[in-house]
Amino acid sequence: MQKLKLTSQNPAETKTIARNIASHLKGGEILFFEGPIGAGKTVMVKEIVKSFGVKKTPVSASFSLLKKYKGKQFNLYHADLFRLEEGEMFNLGFEEMLEDQNSVLLVEWPEPAKNFFPNSRLEISVALLEGDKREITLKALGKTAQNLLEVLQKKLCKK
Ligand SMILES: Nc1ncnc2c1ncn2[C@@H]1O[C@H](COP(=O)(O)OP(=O)(O)OP(=O)(O)O)[C@@H](O)[C@H]1O
Ligand SMILES: [Mg+2]
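So, a few notes on the structure that sits alongside this text. These numbers were taken from a predicted model, which means no experiment stands behind them.

Topic: helix α2 (residues 41-51)
Three- or four-residue spacings in an α-helix give side chains the same orientation, since the helix completes a turn every 3.6 residues. Of the residues making up α2, those classed as buried are K41, T42, M44, V45, E47, I48 and V49. Where α2 terminates, the next one or two residues include G53, which has phi positive at roughly 80°.

Details of unusual backbone geometry
Positive phi is not limited to glycine here, since R83 has a value of about 60°. You can see R83 is positioned in the loop between β4 (75-80) and α3 (94-99). Notably, W109 is not glycine yet its phi reads approximately 50°, a positive angle. Tracing the sequence through the fold places W109 in the loop between β5 (104-108) and β6 (121-128).

Some points on the nonpolar core
Membership of the largest hydrophobic core comes to 31 residues, with the highest contact counts inside it found for I21, I48, L122, I124 and L138. Listed by contribution, the elements that provide at least two residues to this core are β1 (3-8), α1 (11-22), β2 (30-34), α2, β5, β6, β7 (134-141) and α4 (143-156). Dropping the residues within four chain positions of it, L122 is found in contact with I21, I30, L31, F32, L138, K139, A140, A145, L148 and L149. One finds I30, A79, L84 and V107 within the second-largest nonpolar core, a separate group that totals 13 residues.

Rules used in this analysis
- Counting from 1, residues in each chain are numbered in the order their sequence is written.
- Written order determines the labels here, with chains lettered from A and ligands numbered from 1.
- Confidence filtering applies because this is a predicted model: local features only for residues at pLDDT of at least 70, side-chain atom pairs given and counted only at 80 or more, and all residues used for totals across whole chains, interfaces and linings.
- To get the side-chain values, all heavy atoms of the structure are used, and hydrogens and water are removed first.
- Each residue is placed in one exposure class: buried if its accessible area under a 1.4 Å probe, protein chains only, is under 20% of its type's maximum, exposed if it is over 50%, and partly exposed if it falls in between.
- Comment: elements are numbered from the N terminus, with helices defined as DSSP H or I runs of at least four residues and strands as E runs of at least two.
- Residues belong to one nonpolar core when they are buried, are Ala, Val, Leu, Ile, Met, Phe, Trp, Tyr or Cys, and are joined through side-chain atoms within 4.5 Å.
- Throughout, a residue-residue contact means that at least one pair of heavy atoms, one from each residue, lies within 4.5 Å.

Structure representation (structure tokens):
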């Protein structure tokens, strides 16, 4: 399985999905967050970072491109690349992050990073439906992300 589609009725449900994802992260994963402004990308990132015992969690702020959080088991990096050009990806501290092999990397607006990061990742796309409703699509690239997706499917799709 390579894709999993979930529906969220409200922010609380989106946070539950995020916590479920967090509970299966072992370190070394890359997660991309896609979707329009106000979709809920930062809501998910925040909840994932919080799951690792971090008190001061991320906010939606396009001016802070890369932030590092010390989680219980590993470091978490939150990048927001909104409107960044691909050529501007250098000298932002990503080199340090990629050397930090056990870390988890959470990238909002990942477009400029698509060629920069390894191909193995979980792509999370949040689409706006009516009101507070969202469609959250999880797409796995590579073996690690596929395993993660299969575990999540069993957990989140059981009736
Ligand atoms: N089902 C839902 N899931 C997530 N957020 C929701 C939902 N319904 C309403 N919201 C609200 O939508 C907003 C999402 O904001 P958030 O900062 O996470 O968006 P974003 O995708 O990160 O946008 P940006 O591209 O500007 O960073 C929050 O105010 C949240 O409360
Ligand atoms: Mg955001």
